[in-house]
Structures are given as C-alpha cells and as structure tokens.
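Observations on the model geometry
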Amino acid sequence: MKILFKNAKILNLDIKEGIINGNVVVENDTISKITTSAINEDFDLVIDVKGNLLMPGFVDTHCHSPMTVLRGICDDAPLDEWLYENVIPCENKLTSEDVYWAEKLAILEYLKAGITCIEEGYFKNESIVKALKECNFRARVGFGPTTKTSNVDNFTLLKNEKAIIEESNLIKSVCFVHSIYTINEKEILECVDYTAKNNIPRSIHLSETLNEVGDCTVKHNGKTPVQYLEDLGFFDRQTLCYHCVHMDKDDLQILADYNVSVSTCPSSNIKLASGIAPIYAMQNKGINITIGTDGVASNNSLDMFKEMFLVATLSKVSIYDASVVSAREVLKMATLNGAKALGFDVGEIKVGKKADIILININQPHYYPQVNLLSHLVYAGKSGDVYLTMVNGKILYENGKFHIGEDENKIYEQINKIRERITKK
Ligand SMILES: [Zn+2]
C-alpha cells in the first residue's frame, strides 16, 4: 500500500519555523518520502490535506485503558478513598470480556484524539492484547506482580505474564511494578532481578502523593521513594516513572543520573489533588519528560490536548514564571520524548519512521490567524480538531468513522451493560 498525503503543513520541531509545506509518502508501515515539490508517481491512495496540519500521533505514556468503563465513578475524593473504596471494588468484578470491551472503548477515544501509541498498565492482559491486535493499535503493555497468585513463584509468573503479550512491530512489553505501596519489597527485588537478567524495561507509579512519600520516609529510615528504589537497584536508562510529583533536588538528580524517563499526568494529579510535578526542574536536569493521561477514572478523558495545555500552564504557575516550558517543548514531550521512552520508532515525521500520523483541521476560528501553529496547537487546540488518525500505515479513524473492524455502537452497548453490572450493590 502506497499512500500520498499532499498539500500538508508538516510539523517539524527541529526547525525554527516548526512547519514545512509539502507532501508525505507512506509505503506500507513506514514514512518513505517527504518532499516540498510535486510527486509524479502512482499511489494506491492520495489524500489531499488541503493545507491542514500533518503531525506525528501523540504518545500517551501512562494509561490504564480499561478504566474507561469506570469513567466518573468517584469524582471528589482523595487518592486513597478513590482507589480502595471505589475503584478496586468495581475492578474486582471485571471479567476478561469486560476488560476486552473497555480496552476497545479506550482505543476509540485515543484514535479520535490523535493518540496512536500508549503505555498500558492493567490486568487480564490476554483481553488487552486481543483488543489491541484486532484494532491494529500500538502499545507497550505492562505485566507484573499485580496479578500474583499465591501458589506461583514470582519468576514463573513474570515469565508467563510476559509470554501472554506476544511482542510484535506494534506491541512491546514492560515490567509494570505498580508502586512501592502496593508491591512488597521481596516482589520488587524479584522483578528487578528478572528484568535485569532478561533486559526488560521497568515502569512504576512514583512519588505521586505526599502520603506515599511520607509513609516511605517513616518506613525506610528517612529515604524518599526515589532513594528507596535506587537502593533496590530499580533504575536504569529503560525505566519509566509515572507522576513524579513530589521530588526534591536529590530525587531529580538520581533520576537524571540513571537516565530515567518521567511520565507526567497533570489532569490526574490536579483532580486527585496530588500536586503539580516540577517539570521545569526536571528539564534543567536533562530528564526525558513525556506525557500521560493516566486512567479515565481519575482524568476523566483521554485527551493529549488537555494534558499539553496543563503541562505548559501548570509548570509556569507553579514557579510564577511565564517564560518556562514552551509550546514547542511540550509538543516534543507529547510525541518524540514519549516514543523514545517506550522504545518505538515513531514520534516524528521523518523518512524511515513508522507511519503514525494524524491530520489536524486548522481551517477553524481557533487556528487563525494562521501563524505560530505550535502555540495554537498547545494553547488553543482541541482533540476534536483531529480528523484522521493513522497507526503503522493504516487509517484507523477518519472524519468521525472508525476502521477498527468493530462497530462502535456495539462497544458502547457493551460498556453500558458492564457498568450497570459492576456498580450493582
Ligand atoms: Zn496510574
């Protein structure tokens, strides 16, 4: 399959202007040509972008996709009450089939918002991988001791869990150690040992709330969660840490020393009143900052436009300095930085990259005057501006229609039924 996108404004964060006017050719799953002059070749499909914006799909580095079925389940409560009294009791009732449908609902939402790649952290991975594969969606899927059963040793469990994920061009795996407050030290050490021996990356929720940091310092001789995990040998250049809200200078230095990536999730952090991550301080340490939506139960939508706006503005207000964290830097966090953290060859429009491409309709009032589009994307853009989403060379969403091999109405019907069942007292 050879596809031409013609007459596009192509996002390029490496150049000062940020935009090139031209054409992009996709052959099978790869971007094969970018040119500013007309192309005289045969194509299977020609898409006239009509001067709209063509950019890489967003990489959402922290997700619990099947939580879509829990949207709005508990809105006004602190993390502990939200998690232990509201979320977990409902999650315990989710069957494998429920997780499959809830994953598909999330995929619809990702595609409509221009998200083409995610890091997934949930359970019942057979269902998750089945849904991802059927939809041709890109993800790094977490496995780990959250699903541990008492009669299986952790090493066997990790091996079995990893095997379920069946890696491919579109799907990779990561050892997802939920957090230091849900996974005990012995299990964390077993994960570290297994992943180090098998060269597998690790992810974890880290320093999300003041409670987490306070409990850790009391329990572990004054050590912060970052210092505690460093002592357990948890960090390396493949590690991705979600949230990182409450970090002191030493914590940030440790993450920088090990080349750890961070996934900042501003919507979730402000809605659960956890705090504001020190993004500018992380930038100064050279940390690879990426952006995540977190699960829908704490967000409550999967929308990188909202997250980008919040990363930029919260970073500014948190240190009372409007000059820090630019639109260009935030766009890079939402695309290329995320791709690097997850190890996928996506996140920018360059020859040889996998074709995860979105088209944004900029022929709308909030993109005029049509100058400084990088600013418009971050400060004025909305997820509804996305009108085409391509993953790995396949168009999965276009002008309100999904091409994922499933009727969207069937997904909605299933979701309503599941929600009714799991919330029944
Ligand atoms: Zn999370």
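Keep in mind it's a predicted model, so treat the numbers as computed, not measured.

In this fold, Glu 406 is placed in the loop between strand S17 (401-402) and helix H14 (408-422). Residue classification places Glu 406 among the buried residues on the basis of a relative accessible area of 17%. For the pair Glu 406 and Lys 104, spaced 302 residues apart in the sequence, the C-alpha separation amounts to 8.9 Å. Excluding its chain neighbours within four sequence positions, the residues that come into contact with Glu 406 are Tyr 100, Trp 101, Lys 104 and Ile 411. Here the side chain of Glu 406 touches Lys 104 through a polar contact of 2.7 Å, side chain to side chain.

The next point concerns the domain arrangement of the chain. Entries for the chain in the domain assignment read domain 1 (2-56 + 353-402) and domain 2 (58-342). For domain 1 versus domain 2, the separation of C-alpha centres amounts to 29 Å. Counting from both sides, the interface comprises 31 residues of domain 1 and, opposite them, 28 residues of domain 2. Between domain 1 and domain 2, a total of about 2,500 Å² is buried, with carbon and sulfur atoms accounting for 66% of that surface. Among the residues domain 1 hides against domain 2, the three largest losses belong to Leu 13, Val 378 and Tyr 379. Together they make up 25% of the total. Counting the contacts that link domain 1 with domain 2 gives one salt bridge. Among the salt bridges present, the one from Asp 356 reaches Arg 138, with a minimum N-O distance of 2.7 Å. With five residues, helix H13 (residues 373-379) is the largest single contributor of residues to the side of domain 1 that touches domain 2. By residue class, the composition of the side of domain 1 that touches domain 2 is 17 nonpolar, six polar and eight charged.

Conventions we followed
Residue positions are given per chain, counted from 1 along the sequence in the order it is written. The predicted nature of this model means local features are confined to residues of pLDDT at least 70 and side-chain atom pairs, given and counted, to a pLDDT of 80 or more, with totals for whole chains, interfaces and linings taken over all residues. With hydrogens and water set aside, each side-chain value is computed from the structure's full complement of heavy atoms. Under the DSSP-based scheme used, a helix requires at least four consecutive residues in state H or I and a strand at least two consecutive residues in state E, with every element numbered from the N terminus. Only protein chains enter the accessibility calculation, which uses a 1.4 Å probe. A residue is then buried if its area is under 20% of the maximum for its type, exposed if over 50%, and partly exposed in between. The contact rule is simple, with two residues in contact once any of their heavy atoms fall within 4.5 Å. The term polar contact refers here to a pair of N or O atoms within 3.5 Å; inside protein, the definition further demands a hydrogen-donor-capable atom paired with an acceptor-capable atom, and it admits residues adjacent in sequence only when both atoms are side-chain atoms. Just so you know, the domain bounds were taken from an automatic or database domain assignment. Computed with a 1.4 Å rolling probe, the buried area is the accessible surface lost when two parts are put together, summed over both parts. Any Lys or Arg side-chain nitrogen found within 4 Å of a carboxyl oxygen on Asp or Glu counts as a salt bridge. Three classes are used: nonpolar for Ala, Val, Leu, Ile, Met, Phe, Trp, Tyr, Cys and Pro, charged for Asp, Glu, Lys and Arg, and polar for all others, with Gly counted as polar.

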